Amino acid sequence: MKTGTGAAPVSFGRSLLRTKPVDAIVAEGGRGEGGELKRTMSLLQLTLFSVGATLGTGIFVVLGEAVPKAGPAVVLSFVLAAVTALFSALSYAELAGTIPVSGSSYSYSYATLGELVAWVCGWCLLLEYAVSVSAVAVGWGSYLSAFFDDAAGFTIPAEISGPPGEGGIVNVPAVIVVMFAMFLLLRGTSESATANTIMVFLKIGVLLFFCAVAFTAFDSGNLSSFAPMGWAGISAAGSKVFFSYIGFDAASTAGEEAKNPRRDLPLAIILSLVIVTVIYVLVGLAAVGAMHWEKFDISGSEASLAAVLDEATGQTWPSMILSLGAVIAIASVVLTVMYGQTRILFAMSRDGLVPPVFQKVSPGRRVPVANTVIVAGFISILAAAIPLGRLVDATSIGTLFAFALVSVGVIVLRRTRPDLPRSFRTPLYPLTPLLGVGFCVYLMVGLGGVTWAVFLLWTLVGLAAYFLYGRRHSRLAAGPVGRGTP
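Residues numbered from 1 in each chain as written. Predicted model: local features only at pLDDT ≥ 70, side-chain atom pairs only at ≥ 80, totals over all residues. Heavy atoms only, no water.

Trainee: Got a sec to walk through the overall build of the protein? Specific residues and values, please.
Mentor: In terms of regular secondary structure, the protein is built from 17 helices and 2 strands. In the structure as shown, the protein presents an accessible area of about 17,000 Å², 69% of it carried by carbon and sulfur atoms. (Helix = DSSP H or I, 4+ residues; strand = E, 2+ residues; numbered from the N terminus. Areas by Shrake-Rupley, 256 points an atom, 1.4 Å probe, with all protein chains shown as cover.)

What follows is the structure, given as structure tokens:
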């Protein structure tokens, strides 16, 4: 194998560790086959893109699974997950300001750890983004059914509102919300960002409404047995609710459509994490204070916040408002995470590791149309047919692995390219990225054996795809850009 015309042969092992030069990655920003992406996103829009991708996944959907594991101490579980996310966010912020492109941690790994690691990271991101969208879409259907029940006494038939194995045949509402997000993304990035901004403000308003109502029924007695399962329960719930922090890195996938990426990307990542952490802790405390933790049970419905309001007030109108807000607000998660999925595939396709169809840009709309349609179709199938719990755990482990790689990438790039301009530097280096790796590994260990088996199987499938397609079509091996250092 050769790195380019006239170049010396490169050993198999060294070819797998070959990095893509940072300058080349940045220079290609925005370029695709047939057109370029358009820079339209401001700091506010970037921040709300990350908030939109994050806020809602755990609170609206996963809280009911986490509370039985930790009891009222689920509040500390959210803090544990937030600390883990913070260490990763600081590393993300440095690399996003240094390498402001669409590939997120995939591109960062390509510049620091080599092609094989970058592929595995990108493969894990496919798991993170596609599966998390599917999981949230499943929860969206639960809130839609809850709203119809409260407003009109009508419940969506289980056969068309749940996956096989949970009383259903196909989850039609989940498919509908994915198609809605696809429609917005195809209209253009600016239009998608505007729609997301509106939905995020609505989502924050709905959650503050929940807190206001739930705190009126707050009973300190519900917190008396604060940590019934001890630290083991807090840790287990922390691994579960880490799913609720997935998405804070969404701004990093918009690096090629941001107006001022070097300045705005690091700020958007940190600001979004602070915003969602404060809201999660408030909502978690309000929920366990208003309803005893033993009453939380997700087996019948993922709409756990609506159940809290029913318990707290004995009336249906508060939960009806919450369910309507969740129906609209959770759609923003689907929208923004699908956006991130398409942009990572865009970057991988530009590098030759996935088929070129994913980098084709519509000259008129300035968006990757075929990429968006393919992603929406794949996500719809997952959302329609797979139960929520399995989706959540599979997403968390893939994300934690990608986050750990970003922390390692900061250390490597500081050593190999200390000369690069950095608009943000991770504080307390190298302690912060090392702690980021440690916390990610700790939460990964807390996930179950089945989840690990799924993750390893997914990784093996990804490695097969790389050696059968990605390595053979890699642009690193075909041209001057391939002269990155191993």
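Trainee: Before we move on, can you summarise helix 7 (residues 115-152) with the specific residues and values?
Mentor: Its 38 residues give helix 7 an end-to-end C-alpha distance of 55 Å, which sits within 8% of 56 Å, the value for a rise of 1.5 Å per residue. With 32 of 38 residues buried, helix 7 is to be regarded as a mostly interior element. Positive backbone phi, at 70°, marks Gly153, one or two positions downstream of helix 7. (Expected span 1.5 Å × (residues − 1). Buried < 20%, exposed > 50% of the residue type's maximum accessible area, 1.4 Å probe, protein only.)

Trainee: Explain the side chain of Asp264 residue by residue, including any values.
Mentor: Within the secondary structure, Asp264 sits in helix 11 (residues 261-290). A polar contact of 2.5 Å, which involves the side chain of Asp264, links it to the side chain of Arg263. Look past the residues within four positions of Asp264 in its chain and what remains in contact with it is Ser42, Leu43 and Leu46. (Polar contact = N/O pair within 3.5 Å; in protein donor to acceptor, adjacent residues only side chain to side chain. Contact = heavy atoms within 4.5 Å.)

Trainee: Account for the confidence of the model for the protein, with residues named and values stated.
Mentor: Interpretation of the predicted coordinates at a detailed level should be avoided for regions scoring low in pLDDT. Scored by pLDDT, the protein has a mean of 83; 90% of the residues are at 70 or more. Residue range residues 1-8 is modelled with pLDDT below 50. Its contacts to residues more than four positions away, or to other chains, number 19 contacts. In the model, residues 482-486 has pLDDT below 50 throughout and makes 14 contacts with residues more than four positions away in sequence or in other chains. (pLDDT = per-residue confidence, 0-100.)

Trainee: Explain the packing of aromatic side chains to me, using residue names and the numbers behind them.
Mentor: Enumeration according to the criterion identifies 17 aromatic pairs in this entry. Taken together, a centroid distance of 5.2 Å and an interplanar angle of 90° make the contact between Tyr245 and Tyr280 edge-to-face. Of this pair, Tyr245 sits in the loop between helix 10 (230-241) and helix 11 while Tyr280 sits in helix 11; the two residues are 35 residues apart in sequence, bridging distant segments of the chain. Taken individually, Tyr245 and Tyr280 each receive the classification buried, so the pair is uniform in this respect. Here the aromatic residues Trp119, Trp123, Trp458, Tyr466 and Phe467 are joined through ring pairs into a cluster of three or more. (Phe/Tyr/Trp six-rings, centres within 6.5 Å; stacked < 30°, edge-to-face > 60°.)

Trainee: Hey, could you go over a nonpolar patch on the surface for me, with residue numbers and the actual values?
Mentor: On the surface, Ile160, Ile169, Val170, Val172 and Ile176 cluster together to form a nonpolar patch covering roughly 400 Å² of accessible area. With respect to the element layout, Val172 can be found in helix 8 (residues 172-187). (Patch = residues over 30% accessible without salt bridge, like charges linked within 9 Å, V, L, I, M, F, W, Y side chains within 5 Å. Salt bridge = Lys/Arg side-chain N within 4 Å of Asp/Glu carboxyl O.)

Trainee: So what's going on with unusual backbone geometry? Which residues, and what values?
Mentor: Residue Tyr429 is joined to Pro430 through a cis peptide bond whose omega torsion reads 0°. In this fold, Pro430 is placed in the loop between helix 15 (388-416) and helix 16 (431-445). The phi dihedral of Arg366 falls on the positive side, at around 60°, and the residue is not glycine. If you trace the backbone, Arg366 turns up in the loop between helix 13 (317-350) and helix 14 (369-385). Residue Arg366 is classed as partly exposed on the basis of its relative accessible area, which comes to 29%.

Trainee: Go over the side chain of Gln341 with me, naming the residues and quoting the values.
Mentor: By the secondary structure assignment, Gln341 is in helix 13. When neighbours within four sequence positions are excluded, Gln341 is seen to be in contact with Leu126, Tyr129, Ala130 and Val375.

Trainee: If you had to explain the nonpolar core to someone new, which residues and values would you point to?
Mentor: Grouped together as the largest cluster of nonpolar side chains are 140 residues, with contacts concentrated most on Phe210, Tyr245, Leu305 and Met338. If you tally residues by element for this core, the top one is helix 7, at 17 residues. (Core = buried A, V, L, I, M, F, W, Y, C linked by side-chain atoms within 4.5 Å.)

Trainee: Tell me about helix 17 (residues 449-473), and please be specific about residues and values.
Mentor: Here helix 17 spans 35 Å end to end across 25 residues, near enough to the 36 Å set by a 1.5 Å rise per residue. The principal kink in helix 17, of about 50°, is found at Tyr466. Turning to helix 17, its buried residues are Thr451, Phe455, Thr459, Gly462, Tyr466 and Gly470. (Bend = angle between axes of the 7 residues up to and from the residue.)

Trainee: Can you tell me about the pattern of salt bridges, naming the residues and giving the values?
Mentor: Counting across every chain of the model gives 10 salt bridges. In this structure, Asp351 engages Lys20 in a salt bridge whose closest nitrogen and oxygen atoms are separated by 2.3 Å. One end of the pair, Asp351, is in the loop between helix 13 and helix 14; the other, Lys20, is in the loop between helix 1 (12-16) and helix 2 (22-27), and 331 residues separate them in sequence. Of the charged contacts in the structure, one is a salt bridge between Asp264 and Arg263, with a shortest N-O distance of 2.5 Å. By relative accessible area, which is 48% here, Arg263 ends up partly exposed. Through salt bridges that share partners, Lys20, Glu28, Glu256, Arg350, Asp351 and Arg475 make up one connected network.

Trainee: Give me the lowdown on the environment of Thr426, citing residues and values where you can.
Mentor: Relative to the helices and strands, Thr426 resides in the loop between helix 15 and helix 16. Side-chain polar atoms of Thr426 contact the backbone oxygen of Leu90, separated by 3.1 Å.

Trainee: Lay out the environment of Gly233 with the relevant residues and their values.
Mentor: Checked against the element boundaries, Gly233 lands in helix 10. The exposure class of Gly233 is buried, given its relative accessible area of 5%.

Trainee: Any chance you could break down the environment of Arg366 for me, citing the residues and the numbers?
Mentor: Sequence separation between Arg366 and Arg187 is 179 residues; the distance between their C-alpha atoms is 9.3 Å. Beyond its immediate sequence surroundings of up to four residues, Arg366 is in contact with Glu36, Leu37, Lys38 and Val361.

Trainee: Got a sec to walk through the packing of helix 7 against helix 8? Specific residues and values, please.
Mentor: Packed helices, taken two at a time, are described by their axes: the angle between them and the distance between them. Closest axis-to-axis distance for the helix 7/helix 8 pair is 8 Å, and the angle between their directions is 115°. On the basis of the axis angle, helix 7 is roughly perpendicular to helix 8. Of the two elements, helix 7 crosses helix 8, and the hand of that crossing is right-handed. Residues Ala137, Val138, Trp140, Gly141 and Leu144 of helix 7 form the contact with helix 8, whose participating residues are Pro173, Ala174, Ile176, Val177 and Val178. (Axes fitted to C-alpha atoms, helices over the stretch in contact; angles between N-to-C directions. Parallel < 35°, antiparallel > 145°, perpendicular 65-115°, else oblique. Left-handed = near helix turned anticlockwise from the far one by under 90°.)

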